[in-house]
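# Observations on chain architecture
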2 protein chains.
Amino acid sequence: MSTSCVGVLGGGSWGTAIANILAENGQRALLYVKDKESREEINRDHRNTHYLPEFQLSTSLHAVDTVEEVARRCRLIVMAVPTSAFREVARELGDFVQGDQIILSASKGFELESFKRMTEILKEETCCKKVGALSGPNLAKEIMAKQPCATVVASQYREVIQAGAGAIHAERFRVYLNEDVVGVEVGGAMKNIYAIASGILGGLAFGANTEAMTVTRALAEMVRVGERVGAKASTFTGLAGMGDLIVTCGSALSRNYRVGFGLGQGKKLEEVVAALGMTAEGVRTTKAVHQFAQREGLYVPIAEGMYRVLYEQAGIGEIMAGLMTRHARYEIDDLP
Amino acid sequence: MSTSCVGVLGGGSWGTAIANILAENGQRALLYVKDKESREEINRDHRNTHYLPEFQLSTSLHAVDTVEEVARRCRLIVMAVPTSAFREVARELGDFVQGDQIILSASKGFELESFKRMTEILKEETCCKKVGALSGPNLAKEIMAKQPCATVVASQYREVIQAGAGAIHAERFRVYLNEDVVGVEVGGAMKNIYAIASGILGGLAFGANTEAMTVTRALAEMVRVGERVGAKASTFTGLAGMGDLIVTCGSALSRNYRVGFGLGQGKKLEEVVAALGMTAEGVRTTKAVHQFAQREGLYVPIAEGMYRVLYEQAGIGEIMAGLMTRHARYEIDDLP
């Protein structure tokens, strides 16, 4: 097996941007792209018009048409497929990888019902133990525009952290390391729920105070859920927690924010999701967190409010009023 | 002594907004305003044109011309003067208050050289022990516009927290309580430094990823300084830490952000401060934190970078390059 390449599975904006960083860092990067036209366009014109229309890709980035090719040729593989397809793609990958390969999940979400994180699915579906997560405040278009930014590579295994950082770290894409992979994954997943909430506030023309209150209380919810599954609270004050939360809740480049913005303007969910034309993970993550919180008796009022808006046709005004309760509370440990 | 009133010292935008909330909550609110014209305008037209030109004030809000009147008539007094005048006003207040009165500081900063917090100065200059701080993501204009928001009342004394919350809590101005007054004051003060940094990034047209990275690393600096003076790390994940940081770093309504924005556009500090026409506390706070960090050997690279820009005429490009170092680091405990 040749392992001179690094690979990415998933040719969306995030997967393409990661593959492009790997390629620009002087590595031969393989990108598995399901769609034939996109694949041909990447290899012929070095562009991915559907997701990143404004940018030229590295000529060291090559689109391939099978998971197998990435699995057989790459020592480091990054998964950047939608979470709804994650287990299926991981299973296919599992047919070809060997135990010494390193796999990072860049997909942000939980499996429905099981509430499993993506690295848990990787361990179940492949023979690789050396898995980790890549997460942080990383809007793909800004990465492509060479805006300075930072990300986190997280794993229980130092070897994974070092290999990931070694491949990905660049002058304008600074990698921080974290051993708390659980916290990094929970943060990356849950922030999409609150991006929808922030988008709703934006669509309703609320200001910065309201936004900051929501984002801050959102962080407290993330910590509560994270601690229940073994994460460290301190991780949530880092790039994959607060950092990603800020960027996703504050930028119109964020898909989940845009979904919320449309809802805030009074549009229907189906309508805004269709107009987006890409996956907005937050809709699914809201359901996963709702299921988990119900089962565990966790207090996540904003996530529950979003669940009622997204899945039970609750009115936004009613949910907002419910969240702005009348009693003063202690800030930390504000259980009901 | 009649103590039926509540009082605010300082007729800037923040002091006026607080006094207006107190008045709208059904209390007789006295606002000490130094400037004669502003005082007359508030009492005659119920407006404060210089600071809050778009808004009508409550008719239960009365501007008064001495600190003494507030001290003699109010059971609860909020200090909202610039930190540069804080000790002087506190000393004057100290001549008139009695030990059972409650004083909250809404001023955000440290005393130069001594690095004392405002509640420490209150204890030194008055006979009142029952002091606390009021801080949070609270842009005055958005409060006046009745945007829903939240704030923190912090004190070591439950009685202070309860009196403060009782007077201030309103349906659209939700009060959270916190016993860690040190953390709340450090957060409120330091965020202004990072607002200048964020403004610079904005002025240089950097995007949301860069902003989120900066704000997240800023929080780590705030925690380091806070813990050195006895604050709890968890307070910084709350409204007076992260919440206020987000709002101040993300809104063009923030004065300190505007100072940074002008610097990022290549203007001189004197020029942007003059154009602002109000106090931007961050310039002074940067110096106070620099002095303290030097003395204590604390690692606060963003604050130090801002000090070099504001006080040592360092070039912004040079400082930015220094902050984006080349090595991957662990996220938590990333001491040099």
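Let me sum up the structure you'll find in this document. The structure displayed is predicted, hence computed values, not measured ones. (Residues numbered from 1 in each chain as written. Chains lettered and ligands numbered in written order. Predicted model: local features only at pLDDT ≥ 70, side-chain atom pairs only at ≥ 80, totals over all residues. Heavy atoms only, no water.)

## Here's the deal with the overall build of chain A
Formally: Comment: elements are numbered from the N terminus, with helices defined as DSSP H or I runs of at least four residues and strands as E runs of at least two. Whether a residue is buried, partly exposed or exposed follows from its accessible area with a 1.4 Å probe, protein chains only, as a fraction of its type maximum: under 20%, in between, or over 50%, in that order. Whether two residues are in contact is decided by their heavy atoms: any pair within 4.5 Å suffices. Residue-level accessible areas treat just the shown protein chains as cover; the underlying method is Shrake-Rupley with a 1.4 Å probe. Charged residues are defined narrowly, with Lys and Arg counted positive, Asp and Glu counted negative, and His plus the chain ends left uncounted. Charged side chains are reduced to one point each, which is NZ for Lys, CZ for Arg, CG for Asp and CD for Glu.
Secondary structure assignment for chain A yields 15 helices and 9 strands. A principal-axis box enclosing the C-alpha atoms of chain A has dimensions of 65 × 35 × 35 Å. When each of the 336 residues of chain A is scored for burial, the buried share is 63%. Residue pairs at least 24 apart in sequence account for 71% of intrachain contacts in chain A once pairs closer than 6 positions are excluded. In the form shown here, chain A has an accessible surface area of approximately 12300 Å², with 48% of it arising from carbon and sulfur atoms. Separation of charge centres in chain A, based on 37 positive and 39 negative side chains, amounts to 1 Å.

## Let's talk about the pattern of salt bridges
Residues and elements named next belong to chain A. The following threshold applies: Salt bridge, as used here, is a side-chain nitrogen of Lys or Arg placed within 4 Å of a carboxyl oxygen of Asp or Glu.
Counted according to the given criterion, the structure contains 40 salt bridges over all chains. A salt bridge links Glu124 to Lys116, with the nearest nitrogen and oxygen atoms 2.8 Å apart. Using a relative accessible area of 40% as the deciding quantity, one classes Glu124 as partly exposed. Lys130 is the partner of Glu159 in a salt bridge, and the nearest nitrogen-oxygen pair spans 3.0 Å. A residue pair is termed long-range when its members are at least 10 positions apart, and Glu159 in helix α7 (residues 158–168) and Lys130 in the loop between α5 (118–125) and β6 (131–135) qualify at 29 residues. Here the residues in one salt-bridge network are Arg87, Arg91, Glu111, Lys116, Glu124 and Glu125, joined through shared partners.

## So, the packing of helix α8 (residues 181–203) of chain A against helix α14 (residues 301–311) of chain A
All names here are of chain A. In plain terms, the rule: Axis lines are fitted to C-alpha atoms, over the contacting stretch for helices. Their N-to-C directions set the angle, which ranges from 0 to 180 degrees. Convention used here: angles under 35 degrees read as roughly parallel, angles over 145 as roughly antiparallel, angles from 65 to 115 as roughly perpendicular, and any remaining angle as oblique. Here the nonpolar group is Ala, Val, Leu, Ile, Met, Phe, Trp, Tyr, Cys and Pro; Asp, Glu, Lys and Arg are the charged ones; every other residue, Gly included, is treated as polar.
Axis separation between α8 and α14 bottoms out at 10 Å; the angle between their running directions is 70°. It follows from the interaxial angle that α8 and α14 lie roughly perpendicular. Facing α8, whose interface residues are Ile193, Tyr194, Ile196, Ala197 and Ile200, α14 presents Ile302, Ala303, Met306, Val309 and Leu310. Taken together, the residues of the contact of α8 with α14 sort by class into 10 nonpolar, no polar and no charged.

## As for the sheet that holds strand β5 (residues 102–105) of chain B
Put simply, the test is: Being paired, for any two strands, means DSSP has found at least two bridges between them.
Strand order in this open sheet of 9 strands is β9(A)-β8(B)-β7(B)-β6(B)-β5(B)-β4(B)-β1(B)-β2(B)-β3(B), and the pairing throughout is mixed. Only two strands of the sheet have a single neighbouring strand rather than two, namely β9 (329–330) of chain A together with β3 (61–64) of chain B. Helix α4 (residues 83–94) of chain B rests against β1 (5–9), β4 (74–79) and β5 of chain B of the sheet, and its axis sits at about 170° to β4(B).

## Some points on empty space enclosed by the protein
Selection criterion: Method remark: on a 1 Å grid restricted to protein atoms, a set of points is classed as a cavity if a 1.4 Å probe fits but cannot get out and as a pocket if it is open with protein on both sides within 12 Å along at least five of seven lines; lining residues have an atom within 4 Å of a point. Grid points are joined across faces, edges and corners, and a volume is the space filled by probe spheres set on the points.
With the rule as written, the count across this model stands at 2 cavities of 30 Å³ or more. Of the voids in this model, the largest cavity is the one considered here, and its volume is about 60 Å³. Taken together, 13 residues line the largest cavity, and the ones lying closest to its centre are B:Ser107, B:Lys108, B:Ser135, B:Val184 and B:Glu185. The greatest single-element share of the lining of the largest cavity, amounting to 4 residues, is contributed by helix α8 (residues 181–203) of chain B. Across the lining of the largest cavity, the residue classes break down as 6 nonpolar, 5 polar and 2 charged. Volume-wise, the second largest cavity comes out at about 40 Å³. If you trace the second largest cavity, you find it lined by A:Ser105, A:Ala106, A:Ser107, A:Lys108, A:Ala133, A:Leu134, A:Ser135, A:Val184 and A:Glu185. Going through the elements one at a time, β6 and α8 of chain A are the ones with two or more residues in the lining of the second largest cavity. Counted by class, the lining of the second largest cavity contains 4 nonpolar, 3 polar and 2 charged residues.

## What about the relation of the copies chain A and chain B?
Heads up, the condition is: Least-squares superposition of the copies uses the C-alpha atoms of those residues scoring a pLDDT of at least 70 in each of them.
When chain A is fitted to chain B, the best match, at an RMSD of 0.0 Å, comes from turning it 180° and sliding it 0.0 Å along the axis. Here the two chains are linked by the operation of a two-fold rotation axis. For chain A, the residue whose C-alpha comes nearest the rotation axis is A:Thr237, separated from it by 3.3 Å.

## Observations regarding unusual backbone geometry
Not every positive phi belongs to a glycine, and A:Phe115 is a case in point at roughly 55°. Position of A:Phe115 among the secondary structure elements: in the loop between β5 (102–105) and α5. A residue is classified by how much of its surface remains accessible, and A:Phe115, at 7% relative accessible area, is buried. Located in the positive-phi region is B:Ala205, a residue other than glycine, with phi close to 65°.

## So, the interface of chain A and chain B
For an interface, size is often stated in terms of accessible area lost upon the parts coming together. Stated precisely, the cut-off is as follows: Accessible area that two parts lose when put together, evaluated with a 1.4 Å probe and summed over both, is termed the buried area. N or O atoms within 3.5 Å of each other form a polar contact, as long as, within protein, one can give a hydrogen and the other can take it, and as long as residues adjacent in sequence are counted only when both atoms are side-chain atoms.
Facing the 57 residues of chain A at the interface are 56 residues of chain B. Both faces considered, chain A and chain B share a buried interface measuring about 4900 Å² in area, 59% of it formed by carbon and sulfur atoms. Per-residue buried area on chain A facing chain B is highest for A:Asn209, A:Tyr330 and A:Glu331; these three make up 16% of the total on that side. In this assembly, chain A and chain B are joined by 0 salt bridges. On the surface where chain A and chain B come into contact, there are 14 residue pairs in polar contact (both at pLDDT 80 or more). Elements supplying a minimum of two residues to the side of chain A that touches chain B: α6 (140–144), β7 (149–154), α7, β8 (173–178), α9 (208–228), α10 (239–250), α15 (316–323) and β9 of chain A. At 9 residues, the largest contribution of residues to the side of chain A that touches chain B is made by α9(A).

## Description of α8(A)
All names here are of chain A. Going by this rule: In this scheme, a helix's expected span is set at 1.5 Å multiplied by one less than its residue total. The term bend refers to the angle at a residue between two fitted axes, each drawn through seven residues, those ending there and those starting there.
The end-to-end C-alpha distance of α8 is 34 Å, a good match for the 33 Å that 23 residues give at a rise of 1.5 Å each. Its maximal kink placed at Asn192, α8 deviates by approximately 25°. Across the 23 residues that make up α8, a large majority, 22, are buried. One or two steps after α8, the chain reaches Ala205, where phi turns positive at roughly 65°.

## With respect to the pairing of strand β2 (residues 28–32) of chain A
Remember that side chains alternate between the two faces of the sheet whenever the strand is regular. Residues and elements named next belong to chain A. Operational definition: Consider the strands pointing away from the viewer: the crossover is right-handed when the path from the first strand over the helix to the second runs clockwise.
Along β2, 4 of the 5 residues are buried, which leaves the element largely enclosed by surrounding structure. Here strand β1 (residues 5–9) runs beside β2; their pairing, made up of 5 bridges, is parallel. The residue bridging Gly7 from the neighbouring strand is Leu30, located in β2. Traced from β1 through helix α1 (residues 13–24) to β2, the parallel crossover comes out right-handed. Here β2 runs beside strand β3 (residues 61–64); their pairing, made up of 4 bridges, is parallel. If you follow Leu31 over to β3, its bridge partner there is Ala63.

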